[in-house]
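# Survey of secondary and tertiary structure
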Amino acid sequence: YMPPSQLRPSIWWAIDTHLNFDRCLQKAQRCNIVFSAQRGGVESFRSYGIDAEWLPLACDPVLHRPHQLGNEFDWCFVGHLIGNERQHLIKRMQQEFPNGFVGQRFFEEMASTYSQSRVVFNRSIKDDVNMRVFEALACGSLLVTNDLATNGLAELFQSGIHLVTYQTEHDLIDRVRYYLAHDEERETIAAAGRREVLAKHTYRHRMERILHSLISRLSTRADTLAS
């Protein structure tokens, strides 16, 4: 649906600018304040004269949390098998590490599956810093994701400290094999990733940012009118 024109001021947090930017642009043009979950979306909006801000996705600590169920899987991928590269890498992972889970899970089941996996695999669709990044970290397992530094991941988390990134198929297999064999290092990084995401990247943090931006803009407008 399109944002109602009578709603003012209106704020929109655009999530999928990497998939359907034209549709996102139509909505953004009807809103007063625009945020983009993908940093690349900010640049695209600004090229059309829209003063957008980067506001990454996040986690819900109540839902995305560790479950004490033990490690049933060496690795998992929870989500849709979209894109040739994602499908190819998952097939390679299944060949190299047969004890894995691939499929769809939602809410508590998703958190349970992450918790039961030593490694959570991620391959984003179009270099997007997707929900899986934040949700997997919050569940306390080691996230191994494609390198998304060009879209802002390095400004949120550090590879080797909070999560592990890969650039090539060879990198991916090597890193997963290494961390499956080094429990202490794997769990240290996973624990640091969980602390970081809870400290800075929950939906409460995001809503506080949105409200702060709104209050700041309204205050500036009031000062301008008063002068």
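Look above for the structure.
First, a word on what this report is: a plain description of the structure on this page. (Residues numbered from 1 in each chain as written. Predicted model: local features only at pLDDT ≥ 70, side-chain atom pairs only at ≥ 80, totals over all residues. Heavy atoms only, no water.)

## Some thoughts on the overall build of the protein chain
Within the protein chain, the secondary structure is distributed over nine helices and eight strands. Taken across its 227 residues, the protein chain has 48% of its residues classed as buried. Look at the contacts in the protein chain between residues 6 or more apart in sequence, and 63% of them connect residues 24 or more apart. When the accessible surface of the protein chain is split by element, carbon and sulfur atoms take 50% of a total near 11800 Å². (Helix = DSSP H or I, 4+ residues; strand = E, 2+ residues; numbered from the N terminus. Buried < 20%, exposed > 50% of the residue type's maximum accessible area, 1.4 Å probe, protein only. Contact = heavy atoms within 4.5 Å. Areas by Shrake-Rupley, 256 points an atom, 1.4 Å probe, with all protein chains shown as cover.)

## Quick look at the sheet that holds strand β2 (residues 33-36)
Taken together, the three strands give an open sheet; going across it, the order is β1-β2-β3, and neighbouring strands pair in parallel fashion. If you trace the sheet from one side to the other, it starts and ends with β1 (11-14) and β3 (52-54), each paired once. Taken over all neighbouring pairs, the strand axes of this sheet differ in orientation by 25° on average, direction set aside. With four bridges joining them, β1 and β2 adopt parallel strand pairing. Following the sheet pairing, A14 is matched in β2 by S36. (Pairing = 2+ DSSP bridges. Axes fitted to C-alpha atoms, helices over the stretch in contact; angles between N-to-C directions.)

## Regarding the packing of aromatic side chains
For the coordinates displayed, the defined rule picks out nine aromatic pairs. Centre to centre, the rings of W13 and Y203 are 6.2 Å apart; their planes meet at 65°, and the pair counts as edge-to-face. Highlighted residues: W13 in strand β1 and Y203 in helix α9 (residues 203-226), separated in sequence by 190 residues. An angle of 85° between the planes, with centres 5.0 Å apart, marks the rings of Y178 and Y179 as edge-to-face. Taking relative accessible area as the criterion, Y178 reaches 34% and is therefore assigned partly exposed. On the basis of relative accessible area, Y179 is assigned to the buried category, the value being 12%. (Phe/Tyr/Trp six-rings, centres within 6.5 Å; stacked < 30°, edge-to-face > 60°.)

## Description of helix α2 (residues 39-46)
Residues of α2 that are buried include every one of G41, V42 and F45, and no others. The buried side chains of α2 occupy one side of the element, clustering within an arc of 105° when seen end-on. Summarising the contacts, the buried residues of α2 are in contact with β1, α1 (21-28), β2 and β3. (Arc of directions from axis to C-beta.)

## Remarks on the nonpolar core
Among the nonpolar cores identified, the biggest contains 33 residues, and Y114, V133, F134 and F157 are the most heavily contacted of them. When contributions to this core are tallied by element, the ones reaching two or more residues are β2, β4 (73-78), α4 (108-115), α5 (131-138), α6 (153-156) and α9. Other than its neighbours up to four places away in sequence, Y114 contacts C76, V78, V120, R132, E135, A136, C139 and S141. Counting 19 residues, the second largest nonpolar core, distinct from the first, contains L89, V119, V176 and A190. (Core = buried A, V, L, I, M, F, W, Y, C linked by side-chain atoms within 4.5 Å.)

## Focus: the pairing of strand β6 (residues 117-122)
Burial of β6 is extensive: five of the six residues sit out of reach of the surface. Where β6 meets strand β7 (residues 142-146), four bridges bridge the pair, whose relative direction is parallel. Its bridge partner being in β7, V120 is matched across the sheet by L143. Considered for its hand, the β-α-β crossover made up of β6, α5 and β7 is right-handed. (Right-handed = clockwise from strand over helix to strand, strands pointing away.)

## Concerning the sheet that holds strand β5 (residues 100-103)
Pairing within the open sheet is parallel, and its five strands lie in the order β5-β4-β6-β7-β8. One side of each edge strand has no neighbouring strand; the edge strands of this open sheet are β5 and β8 (164-166). The mean angle between the axes of side-by-side strands here comes to 20°, regardless of whether they run parallel or antiparallel.

## Description of the packing of α5 against helix α8 (residues 183-200)
Two elements in contact, α5 and α8, have axes whose closest approach is 7 Å; the angle formed by their N-to-C orientations is 115°. Comparing the axis directions of α5 and α8 gives the class roughly perpendicular. Handedness of the crossing formed by α5 with α8: left-handed. Between α5 and α8, the residues in contact are F134, L137 and A138 and G193, R194 and V197, respectively. Classifying every residue of the contact of α5 with α8 by side-chain character gives four nonpolar, one polar and one charged. (Parallel < 35°, antiparallel > 145°, perpendicular 65-115°, else oblique. Left-handed = near helix turned anticlockwise from the far one by under 90°. Nonpolar A, V, L, I, M, F, W, Y, C, P; charged D, E, K, R; others polar.)

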